[in-house]
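Below are the chains, spelled out letter by letter.
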Amino acid sequence: MLKSSWLRLAPALGEVLLLTKASNTKRRQLVVGNWKMNGDLRENAALLKAITAGWQGQHGADVVICPPFPYIAQTVDALSGSSIMTGAQTVSEQEKGAYTGEVSAAMLADLNCKFVIIGHNERRRMQRESDQQVAEKFVQTQRVGLIPILCVGESLDDREAGKHLQTIARQLDAVFERVGKAVFSDAVLAYEPVWAVGTGKTATPAQAEEVHQFMRAQLGELGEKVRILYGGSVKAHNAEQLFALADIDGALLGGASLDADEFLAICKAAE
Ligand code: PGA
């Protein structure tokens, strides 16, 4: 992938001149596939088989697959012997007890899950998860040694009103207020503009870089160390250009994670 210091990006990406990764970038790229509510035992087995076959041996990027809860054991099992790790799509903000239908962080750790997506916009919007609940989920995830992938992102209204950074600051502050910033050394962030998720629209490099740089500034001292993924209609055809940007450390994928060839092409672009 492109490692030059400065790059004139393709006209399709907006004819902007942006700082791209220096060759000494230290953050290892990470690609996370979020299957959402898709798949069944048979389909998953075929998809996992194709992905592991295409990602054998040593690689220059980390890969995580997040299946629905019922298929976590199947995924962990299919990925054993590969470097690909398993994650969950959400977790309960409670530790244990009478919470019907919920799944605890300890249960996920017990199944050998390593990551948990937290605060995905579909859950913030459809399940009405508040910033405070998201913060509690972050706490539970780290309490058992799992790595949270904390998602933030603005709606189209916020973006059009020029309030996108305000929204992101609010979502981050809720977690900072609960846990501080130091614990982000064991966390991953993901910027997912709501208007780009599942819509085929991708943030321009300039839009993504603005927010990623803002998030690094919010993290303070850890800003340069934390991996910040971009999510929202990342596909094989646009992954390489996004990954070349200085502040993008990989991707959180929805649709593209359900197709082995597409997924592997993106993982390879991240190396
Ligand atoms: P998408 O989803 O890649 O299908 O846009 C991204 C996400 O929800 O993480």
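**Details of the overall build of the chain**
Helix and strand content of the chain: ten helices and ten strands. Computed over C-alpha atoms, the radius of gyration of the chain comes to 18 Å, within 12% of the 18 Å expected from 2.2 N^0.38 for 271 residues, which places it in the range of a compact globule. Counting only C-alpha atoms and orienting by the principal axes, one finds that the chain spans roughly 55 × 45 × 30 Å. In the chain, which comprises 271 residues, the proportion classed as buried is 52%. In the chain, once contacts between residues fewer than 6 apart in sequence are set aside, the share between residues at least 24 apart is 70%. Each charge sign in the chain was given a centre, from 28 positive and 32 negative side chains, and these centres are 2 Å apart.

**Here's the deal with the packing of helix α5 (residues 131–143) against helix α7 (residues 164–179)**
Interaxial distance between α5 and α7 falls to 9 Å at its minimum, and their mutual angle equals 50 degrees. Here α5 lies oblique to α7, going by the angle between them. Seen from above, α5 lies across α7 with right-handed handedness. Here α5 contributes Asp131, Gln132, Ala135, Glu136, Phe138 and Val139 to the contact with α7, which in turn contributes Arg170, Gln171, Ala174, Val175, Arg178 and Val179. Residues of the contact of α5 with α7, tallied by class, amount to six nonpolar, two polar and four charged.

**Considering the sheet that holds strand β5 (residues 85–88)**
Spatial ordering of the closed barrel is given by β3-β4-β5-β6-β7-β8-β9-β10, a layout of eight strands whose pairing is parallel. On average, each strand axis in the sheet is tilted by 25 degrees relative to the strand beside it, whichever way the strands run. Here four bridges tie strand β7 (residues 147–152) to strand β8 (residues 188–191), and the two strands are oriented parallel to one another. Residue pairing in the sheet places Ile149 in a bridge with Val188 of β8.

**Description of empty space enclosed by the protein**
Summed over the entire model, instances satisfying the criterion amount to one cavity of 30 Å³ or more. When its volume is computed, the largest cavity comes out at roughly 40 Å³. In terms of lining, the largest cavity is formed by Gly119, His120, Asn121, Arg124, Cys151, Val152, Gly153, Gln171, Glu192 and Val194. Elements represented by at least two residues in the lining of the largest cavity include exactly α4 (121–126) and β7. Looking at side-chain class alone, the lining of the largest cavity contains three nonpolar, five polar and two charged residues.

Reading the values: the criteria
Residues numbered from 1 in each chain as written. Predicted model: local features only at pLDDT ≥ 70, side-chain atom pairs only at ≥ 80, totals over all residues. Heavy atoms only, no water. Helix = DSSP H or I, 4+ residues; strand = E, 2+ residues; numbered from the N terminus. Rg over C-alpha atoms; globule rule 2.2 N^0.38 Å. Buried < 20%, exposed > 50% of the residue type's maximum accessible area, 1.4 Å probe, protein only. Contact = heavy atoms within 4.5 Å. Lys, Arg positive; Asp, Glu negative; His and termini not counted. Charge placed at Lys NZ, Arg CZ, Asp CG, Glu CD. Axes fitted to C-alpha atoms, helices over the stretch in contact; angles between N-to-C directions. Parallel < 35°, antiparallel > 145°, perpendicular 65-115°, else oblique. Left-handed = near helix turned anticlockwise from the far one by under 90°. Nonpolar A, V, L, I, M, F, W, Y, C, P; charged D, E, K, R; others polar. Pairing = 2+ DSSP bridges. 1 Å grid on protein atoms, 1.4 Å probe; cavity = no way out; pocket = protein on both sides within 12 Å on 5 of 7 lines; lining within 4 Å. Points joined across faces, edges and corners; volume = space filled by probe spheres on them.

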